[in-house]
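Spelled out, the chains give:
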Number of protein chains: 2
Amino acid sequence: MKKSVFYHAGCPVCVSAEHDIISLIGKSNVEVVHLGEQKTLIDEAEQFGVSSVPALITPNGNVLHINFGASLTDLKA
Amino acid sequence: MKKSVFYHAGCPVCVSAEHDIISLIGKSNVEVVHLGEQKTLIDEAEQFGVSSVPALITPNGNVLHINFGASLTDLKA
């Protein structure tokens, strides 16, 4: 299976969701990207349709916004 | 593993998220509850912390609100 990508920014909501997603899907099936530390990837995330974190991109390219931690606009600031 | 519970209300956002979640986690690991058809379960969902659908309750009781289809308040109407 192609990997899912989990975008987060280190916020408490993100960390909690990350634990949940990894325990549901399995660590080896998820690539975790910290947009607070890798700001160059924010534009790429936006192109995938991500508007806030935490968010999960499924292997078929759908975006699941999970709860709400921060908007990408805030991360750019 | 204890099952997750996926709450939805048949809306397009819900159906799309349901497909994604089932393909990520596996059909046998998710109990799907249609709150539009089983309105008596809305109160129970609220007690778990669900405020909108689609939402997933993880086996350890955390609530993941996934995207946004409808609020539980609207479902009660």
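Look a little higher up for the structure.
Residues numbered from 1 in each chain as written. Chains lettered and ligands numbered in written order. Predicted model: local features only at pLDDT ≥ 70, side-chain atom pairs only at ≥ 80, totals over all residues. Heavy atoms only, no water.

Caption draft 1: A look at the relation of the copies chain A and chain B. Between chain A and chain B, which share one sequence, the superposing operator has a rotation angle of 180° and an axial displacement of 0.0 Å; the RMSD is 0.0 Å. Expressed as an axis order, the relation between the two copies is that of a two-fold axis. Closest approach to the rotation axis within chain A is made by the C-alpha atom of I66 of chain A, at a distance of 2.3 Å. Of the residues that chain A buries at the interface, 100% are likewise interface residues in chain B, meaning the two copies contact each other through the same surface. (Least-squares fit on C-alpha atoms with pLDDT ≥ 70 in both. Contact = heavy atoms within 4.5 Å.)

Caption draft 2: Representation of helix α1 (residues 12-25) of chain B in the model. Over its 14 residues, α1 of chain B extends 20 Å from the first C-alpha to the last, a length consistent with the 20 Å expected when each residue adds 1.5 Å. Looking one or two residues past α1 of chain B, G26 of chain B carries a phi angle of roughly 100°, positive in sign. (Helix = DSSP H or I, 4+ residues; strand = E, 2+ residues; numbered from the N terminus. Expected span 1.5 Å × (residues − 1).)

Caption draft 3: Looking closely at the side chain of E18 of chain B. All names here are of chain B. Residue placement: E18 occurs in helix α1. Here E18 occupies a buried position and makes no salt bridge, while the nearest side chain of opposite charge, K27, is found at 5.9 Å. Other than its neighbours up to four places away in sequence, E18 contacts F6, H8 and V32. (Buried < 20%, exposed > 50% of the residue type's maximum accessible area, 1.4 Å probe, protein only. Lys, Arg positive; Asp, Glu negative; His and termini not counted. Salt bridge = Lys/Arg side-chain N within 4 Å of Asp/Glu carboxyl O.)

Caption draft 4: Quick peek at the interface of chain A and chain B. Taken together, the contact pairs 19 residues of chain A with 19 residues of chain B. Of the roughly 1,300 Å² buried between chain A and chain B, counting both surfaces, carbon and sulfur atoms make up 56%. Linking chain A with chain B are 0 salt bridges. The tally of links between chain A and chain B comes to 6 residue pairs in polar contact (both at pLDDT 80 or more). Considering each element in turn, the side of chain A that touches chain B owes the most residues, 7 residues, to helix α1 (residues 12-25) of chain A. For the side of chain A that touches chain B, the residue count by class is 10 nonpolar, 8 polar and 1 charged. (Buried area = accessible area lost by both parts, 1.4 Å probe. Polar contact = N/O pair within 3.5 Å; in protein donor to acceptor, adjacent residues only side chain to side chain. Nonpolar A, V, L, I, M, F, W, Y, C, P; charged D, E, K, R; others polar.)

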